[in-house]
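Read off the chains here:
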Amino acid sequence: MHDDADCIFCKILRGEIPCITLWEDEATLAFMDINPANDGHALVIPREHAKDVHAVSEVAISATVLTAKRVAAAIDAALKPDGINLLQCNGPAAAQSVFHYHMHVLPRYEGDDLKMNWGMRPGDMEAIGKFAERIRAELG
Ligand code: AMP
Ligand code: ZN
């Protein structure tokens, strides 16, 4: 499976950088975004390194979508947001900042006024950890 020495998400997959894990299986990893656009913001990545939607394999993108569906259901049950966006970005103009294909599972709350390119603000790691505990409890 292709893996990139300098890619931050490959480093997370290799255990070289910590993350707050929600779910893992043989093809994917789901973890909390450290710059959450909203409470409960999570990411899903394939284990296979591919920079974007054009490069990712059909097997890896399928596995990623299935894990995103599972994580979205857990976020829905745990946090009861008003809505959830599943979205992913390709290229700098589309606000892609990490070039390892990934899907955002982004809870939405009425009136949050979130825009497509929401910018990055570091979250409170303790609060993120508490949201992760609640989401994990629904993932079983
Ligand atoms: P994108 O802008 O679509 O490429 O999304 C990349 C996302 O990865 C951003 O929301 C970042 O906050 C998030 N991110 C970057 N580094 C880390 C990390 N070490 N742990 C968790 N999330 C990260
Ligand atoms: Zn990578």
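Report follows, based on the coordinates. For every chain, the first residue of the written sequence is number 1, and numbering continues from 1 along that sequence. To label them, take the chains in the order written and letter them from A, then take the ligands in the order written and number them from 1. Given that the model is predicted, a residue must reach a pLDDT of at least 70 before its local features are reported, and side-chain atom pairs must reach 80 or more before they are shown or counted; all residues, however, enter totals for whole chains, interfaces and linings. With hydrogens and water set aside, each side-chain value is computed from the structure's full complement of heavy atoms.

1. Comments concerning the site of ligand 1
One heavy atom within 4 Å of a molecule or strand is enough for the residue carrying it to be called near that molecule or strand. Close contacts around ligand 1 come from 16 residues, with D33, N35, A95, S97 and H104 the closest. N35 places a polar side-chain atom, nitrogen or oxygen, 2.7 Å from an oxygen atom of ligand 1. Throughout this description, a polar contact denotes any pair of N or O atoms lying within 3.5 Å of each other; where both atoms belong to protein, one of them has to be capable of donating a hydrogen while the other can accept it, and for residues adjacent in sequence the pair is counted only when both atoms sit in side chains. Between ligand 1 and the protein, one listed contact pairs an oxygen atom with a backbone N or O atom of A95 at 2.8 Å. Contact with the protein chains hides 93% of the accessible area of ligand 1, taken as 510 Å² for the molecule alone. Surface accessibility follows the Shrake-Rupley procedure with a 1.4 Å probe radius. Residue values consider only the protein chains on display as shielding.

2. Focus on the sheet that holds strand β1 (residues 21-24)
An order of β1-β2-β3-β5-β4 is seen for the five strands of this open sheet, with the pairing classed as antiparallel. The strands lining the two open edges of the sheet, one partner per strand, are β1 and β4 (83-87). Between one strand axis and the next, the sheet turns through 15° on average, direction left out of account. Two strands pair if DSSP finds at least two bridges between them. Helix and strand labels come from DSSP, where a helix needs a run of H or I of at least four residues and a strand needs a run of E of at least two; each type is numbered from the N terminus. In this sheet, strand β3 (residues 42-46) lies alongside strand β2 (residues 28-32) in antiparallel orientation, the contact comprising five bridges. Across the sheet, L29 pairs through a bridge with I45, a residue of β3. Contacts are residue-level and defined by heavy atoms, with any inter-residue pair within 4.5 Å sufficient. Each axis is a line fitted through C-alpha atoms, and for a helix only the stretch in contact is used; angles between axes span 0 to 180 degrees, taken between their N-to-C directions. Where helix α2 (residues 58-79) meets the sheet, its contacts fall on β1, β2, β3, β4 and β5 (103-108), and the angle it forms with β3 comes to roughly 160°.

3. Some thoughts on the pairing of β2
Three labels apply to residues, based on accessible area from a 1.4 Å probe with only protein chains included: buried if under 20% of the type maximum, exposed if over 50%, partly exposed otherwise in between. By the criterion of burial, β2 is predominantly enclosed, with five of the five residues buried. Residues T28, A30 and M32 point to one face of β2 and L29 and F31 to the other, with burial holding for every one of them. As paired strands, β1 and β2 are joined by three bridges and run antiparallel to one another. Across the sheet, W23 pairs through a bridge with A30, a residue of β2. Counted along the chain from β1 to the antiparallel partner β2, the turn is three residues long.

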